[in-house]
Amino acid sequence: MAEGSDNTVLRFEDVSVVFDDVLALDKVSFVLERGESRVVLGTAGSGKTTLLKTAVGLIRPDSGRVELLGHDISKMEERELYELRSRVGILFQEVGLFDSLTVEENVAYPLRNQQARKAVDSDLREQVVEALRFVELEHTLDKFPSELSGGMRRRVGIARAVVTAPDVVLYDSPTAGLDPITAYTIMGLLIKERDIRNAATVMVTHRYQDGQLLANFRYNPQAGEIEPASRNGSRADLRTKFMVLQEGRLVFEGVQEELEASTDPYVSKFVRR
């Protein structure tokens, strides 16, 4: 594979992962650069979540190479990965908030666990409030996750994922189980994070409409909302590509027009026409 630019934040080179003699990932290769987005589609068991976990070293590849933020993590020790992961935002589908901690404590958790961080509590609280303001939940500091709706918990999860101002953010089915209005709100926050901070984004989803939003909308800071990014009826280049996994293999990678033009029966089943 050709070398990427200095803006490369994630690189897979022929990465394979095996669980009980079954290939969960099969020689997957792709490059993600700062500010780019990837929308990962595939049926259940196709390797989508495995790809995200492998990207941050939670799962080790059986063969191939994973480079995260300029570091080959394929053989790094857990203690070496710890600080590197603090530069990555992660939102898994189950959100993973700590039930015994308040919203403030949940969002502060990544900051408190940055080994190189020496911030005092007042600075830490300021960053937590800013992250919660980003998702319009600054009024929930003292609440516990059980007191929040599913959509609000997902937004707190996003706040925790972005509180460290990460270079890359990984989202696993961020709108799963949400009503259409709440799902749209969550997608607006993902787009806002990408555009304000030029963060690289990898989003696993079962909803093609989520991919369409990521590929075709941008955040307008003056209006405080997302808006279509097209110009004169043509789609703007927001540097978004779609990836389709099938039984661990990357069977498609390309822009939305190429995805919609695909005649492959497996690939085309993920397109809303």
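Further up the page is the structure itself.
The text that follows walks through the structure, step by step, so that each part is easy to find. Because the structure is predicted, anything quoted here is derived from the model rather than measured. Every chain is numbered on its own, with residues counted from 1 as its sequence reads. Totals for whole chains, interfaces and linings use every residue, but because this is a predicted model, local features are given only for residues with pLDDT of at least 70 and side-chain atom pairs only at 80 or more, for both listing and counting. Side-chain numbers here rest on the full set of heavy atoms in the structure, without hydrogens or water.

## Observations concerning the overall build of the protein chain
Moving on, step 1. Within the protein chain, the secondary structure is distributed over 9 helices and 12 strands.
Moving on, step 2. Atoms counted for the radius of gyration: C-alpha only. Globule rule: 2.2 Å times residue count to the power 0.38. Relative to its length of 273 residues, the protein chain is compact, with a C-alpha radius of gyration of 18 Å against a globular reference of 19 Å.
Moving on, step 3. When its C-alpha atoms are laid out on the principal axes, the protein chain stretches across 55 × 50 × 35 Å.
Moving on, step 4. For the exposure calls, accessible area comes from a 1.4 Å probe over protein chains only, and a residue counts as buried if that area is under 20% of its type's maximum, exposed if over 50%, partly exposed in between. The burial tally for the protein chain puts 52% of its 273 residues in the buried class.
Moving on, step 5. Note on contacts: a residue pair is in contact if any heavy atoms of the two residues lie within 4.5 Å. Put simply, of all contacts in the protein chain between residues at least 6 apart along the chain, 62% involve residues at least 24 apart.
Moving on, step 6. Computed with the Shrake-Rupley method and a 1.4 Å probe, the accessible areas treat only the protein chains shown as cover for residues. Carbon and sulfur atoms make up 46% of the accessible area of the protein chain, which amounts to about 13000 Å² in all.
Moving on, step 7. In the protein chain, 35 positive and 43 negative side-chain charges are present, and the distance between their average locations comes to 2 Å. Runs of H or I in DSSP of at least four residues are treated as helices and runs of E of at least two as strands, each being numbered from the N terminus. Positive residues here are Lys and Arg, negative ones are Asp and Glu, while His and the chain termini are left out of the count. Lys charges are placed at NZ, Arg charges at CZ, Asp charges at CG and Glu charges at CD.

## Side note on the packing of aromatic side chains
Moving on, step 1. A pair of aromatic rings is counted whenever rings of Phe, Tyr or Trp (Trp by its six-membered ring) have centres within 6.5 Å, and the orientation is called stacked for planes under 30 degrees apart, edge-to-face for over 60 and tilted otherwise. Counting across every chain of the model gives 4 aromatic pairs.
Moving on, step 2. Centroid distance F12 to F30: 4.9 Å. Interplanar angle 25 degrees. Geometry classified as stacked. Residue F12 is found in strand β1 (residues 8-19), and its partner F30 is found in strand β2 (residues 22-33); the two are separated by 18 residues along the sequence. The residues F12 and F30 share a single accessibility class, namely buried.
Moving on, step 3. Ring centres 5.8 Å apart and planes at 45 degrees place the aromatic pair Y208 and F242 in the tilted group. Pair noted here: Y208 is in helix α7 (residues 208-216) and F242 is in strand β11 (residues 240-246), with a separation of 34 residues, a long-range link.
Moving on, step 4. By definition, being over a ring means that NZ of Lys or CZ of Arg is both within 6 Å of the ring centre and within 35 degrees of the ring normal. Cation over ring: K53 sits above F92, and NZ or CZ is 5.8 Å from the ring centre.
Moving on, step 5. Here R197 stacks its cationic end above the ring of F134, 5.3 Å away from the centre of that ring.

## Some words on the packing of helix α6 (residues 180-197) against α7
Moving on, step 1. Look at α6 against α7: their axes get within 10 Å of each other, and the N-to-C directions meet at 35 degrees. As α6 packs across α7, the resulting crossing turns out to be right-handed. Between α6, through Y184, M187, I191 and R194, and α7, the contact on the second element is made entirely by D210, L213 and L214.
Moving on, step 2. Asp, Glu, Lys and Arg are counted as charged, while Ala, Val, Leu, Ile, Met, Phe, Trp, Tyr, Cys and Pro are counted as nonpolar; the rest, among them Gly, fall into the polar class. Within the contact of α6 with α7, the residues separate by chemical class into 5 nonpolar, no polar and 2 charged. Where helices are involved, their axes are fitted lines through C-alpha atoms of the stretch in contact, as for all axes, and angles between N-to-C directions lie from 0 to 180°. The hand of a helix crossing depends on one turn: near helix anticlockwise from the far one by less than a right angle means left-handed, and clockwise means right-handed.

## Focus on the pattern of salt bridges
Moving on, step 1. The rule for a salt bridge is simple: a side-chain nitrogen of Lys or Arg has to be within 4 Å of a carboxyl oxygen of Asp or Glu. Counted under the stated rule, the structure contains 15 salt bridges.
Moving on, step 2. Of the charged contacts in the structure, one is a salt bridge between R239 and E36, with a shortest N-O distance of 3.9 Å. You can see R239 sitting in the loop between β10 (225-228) and β11 and its partner E36 sitting in the loop between β2 and β3 (37-42), a full 203 residues away along the chain.
Moving on, step 3. Salt bridges sharing partners connect three or more residues here, namely R11, E13, R65, E67 and D72.

Read these as geometric descriptors, not functional statements.
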